[in-house]
Amino acid sequence: MQVNLSAVFLLAAGVGVACKADETLAFDAEYTVNVANALTDEGTLDTNCIDAGRAVNETYVYGLLFEEADVSIYINGEGFASGTRTGCQLSYQSSVWLEDDRAGGPVRWQITGTATYETGAGSCGLEDGIQWEGTETIEVVESEDEAVPAGCTYELLTEGTFNGG
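Worth saying up front: this structure is predicted, and the values here are computed from it rather than measured.

Participant: A description of the state of the cysteines should follow, citing residues and the corresponding values.
Facilitator: For the coordinates displayed, the defined rule picks out 1 disulfide. Each sulfur of the disulfide joining cysteine 88 and cysteine 124 lies 1.8 Å from the other. On the sign convention where negative means left-handed, the S-S torsion of about -65° between cysteine 88 and cysteine 124 marks this disulfide as left-handed. A residue pair is termed long-range when its members are at least 10 positions apart, and cysteine 88 in the loop between strand S4 (78-86) and strand S5 (89-94) and cysteine 124 in the loop between strand S7 (107-117) and strand S8 (132-143) qualify at 36 residues.

Written out as structure tokens, the structure is:
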């Protein structure tokens, strides 16, 4: 049995989530971000799960709202995660999501991420043309599916460009 990691991330990105952004919401910063699997030195997906999952290579629009050091992150206009920012660094965590339509049983998971981000000024040490670079870890927090036991993780890399704000 394989974990549909694309479906997992799409669900995390807000598809079917009731936490939709207000149509008039103006983000403080917006990025087009590519999310892809992290690979080991051997070229396999970076995971400690029994089920290695499948390849993810998707692009999303990350919208950020700042309240002093706190940040709310929206993906494609829908609520995704909250966190904090310090200088060019951002740390965030999603809610715990339930995937209950799995043949092996329900799975609960969440995403924790970190990123270095710039708002176009180029002062945070990222390569030219890149204004968002980070990692996201999908962690299974509870599972009835033996192929994806609680505690296993899938590593993702994020990279993107600043759209404005």
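Participant: Could you give me a rundown of the pattern of salt bridges, with the residues and numbers involved?
Facilitator: Per the stated rule, a full pass over the model turns up 3 salt bridges. Notably, a salt bridge pairs arginine 102 with aspartate 145, separated by 2.5 Å at the nearest N-O pair. Pair noted here: arginine 102 is in the loop between strand S6 (97-99) and S7 and aspartate 145 is in the loop between S8 and strand S9 (153-164), with a separation of 43 residues, a long-range link. What emerges from the salt-bridge pattern is a single network uniting Glu99, Arg102 and Asp145.

Participant: Give me the packing of aromatic side chains: which residues, what numbers.
Facilitator: For the structure on display, the rule yields 10 aromatic pairs. Between tyrosine 92 and tryptophan 132 the ring centres are 6.5 Å apart and the planes differ by 45°, which places this aromatic pair in the tilted class. Of this pair, tyrosine 92 sits in strand S5 while tryptophan 132 sits in strand S8, and the two are 40 residues apart along the sequence. Residue tyrosine 92 shares its accessibility class with tryptophan 132, and that shared class is buried. The structure contains a cluster of three or more aromatic residues connected by ring pairs, namely Tyr31, Tyr62, Phe66, Phe80, Tyr92, Tyr117, Trp132 and Phe162. One cation-aromatic arrangement involves arginine 85 over phenylalanine 66; the distance from NZ or CZ to the ring centre is 3.7 Å.

Participant: Could you give an account of the nonpolar core, naming the residues involved and the relevant values?
Facilitator: Judged by nonpolar contacts, the single largest core of 30 residues is most densely connected at Tyr62, Leu64, Ile73, Leu90, Tyr92 and Trp132. Contributing elements (two or more residues each) for this core: strand S1 (29-37), strand S2 (57-67), strand S3 (70-75), S4, S5, S7, S8 and S9. Ranked by residue count, the leading element in this core is S7, at 5 residues.

Participant: Quick one: what's the story with the confidence of the model for the protein, residue by residue and with numbers?
Facilitator: Per-chain confidence: the protein averages 84 in pLDDT, with 82% of residues scoring 70 or above. Throughout residues 1-22 the model reports pLDDT below 50, and contacts reaching past four residues in sequence, or to other chains, amount to 60 contacts.

Participant: Could you give an account of the environment of glutamate 58, naming the residues involved and the relevant values?
Facilitator: Following the sequence through the fold, glutamate 58 ends up in strand S2. Among the residues examined, glutamate 58 registers a relative accessible area of 29% and is labelled partly exposed. Through-space distance from the C-alpha of glutamate 58 to that of valine 33 is 8.3 Å; in sequence the pair is 25 residues apart.

Participant: Give a detailed account of a negative patch on the surface, specifying residues and quantitative values.
Facilitator: Residues Glu127, Asp128, Glu133 and Glu159 make up a contiguous surface patch of negative charge. Of note, glutamate 127 is situated in the loop between S7 and S8.

Participant: Could you give me a rundown of the side chain of glutamate 136, with the residues and numbers involved?
Facilitator: Among the structural elements, glutamate 136 can be located in strand S8. Among buried Asp, Glu, Lys and Arg side chains, glutamate 136 stands out as unpaired, with arginine 85 the closest opposite charge at 16 Å. Of note is the side chain of glutamate 136, whose polar atom sits 2.9 Å from the side chain of tyrosine 62.

Participant: Tell me what's going on with the pairing of S8, and back it up with residues and numbers.
Facilitator: In this sheet, S8 lies alongside S7 in antiparallel orientation, the contact comprising 11 bridges. Directly across from tryptophan 109, in S8, lies its bridge partner valine 140. Bridge count between S8 and S9: 8 bridges; the pairing is antiparallel. Looking at S9, one finds that glutamate 136 is bridged to leucine 156.

What counts and what doesn't
- Residues numbered from 1 in each chain as written.
- Predicted model: local features only at pLDDT ≥ 70, side-chain atom pairs only at ≥ 80, totals over all residues.
- Heavy atoms only, no water.
- Disulfide = S-S within 2.5 Å.
- Helix = DSSP H or I, 4+ residues; strand = E, 2+ residues; numbered from the N terminus.
- Salt bridge = Lys/Arg side-chain N within 4 Å of Asp/Glu carboxyl O.
- Phe/Tyr/Trp six-rings, centres within 6.5 Å; stacked < 30°, edge-to-face > 60°.
- Buried < 20%, exposed > 50% of the residue type's maximum accessible area, 1.4 Å probe, protein only.
- Lys NZ or Arg CZ within 6 Å of the ring centre and 35° of its normal.
- Core = buried A, V, L, I, M, F, W, Y, C linked by side-chain atoms within 4.5 Å.
- pLDDT = per-residue confidence, 0-100.
- Contact = heavy atoms within 4.5 Å.
- Patch = residues over 30% accessible without salt bridge, like charges linked within 9 Å, V, L, I, M, F, W, Y side chains within 5 Å.
- Areas by Shrake-Rupley, 256 points an atom, 1.4 Å probe, with all protein chains shown as cover.
- Lys, Arg positive; Asp, Glu negative; His and termini not counted.
- Charge placed at Lys NZ, Arg CZ, Asp CG, Glu CD.
- Polar contact = N/O pair within 3.5 Å; in protein donor to acceptor, adjacent residues only side chain to side chain.
- Pairing = 2+ DSSP bridges.

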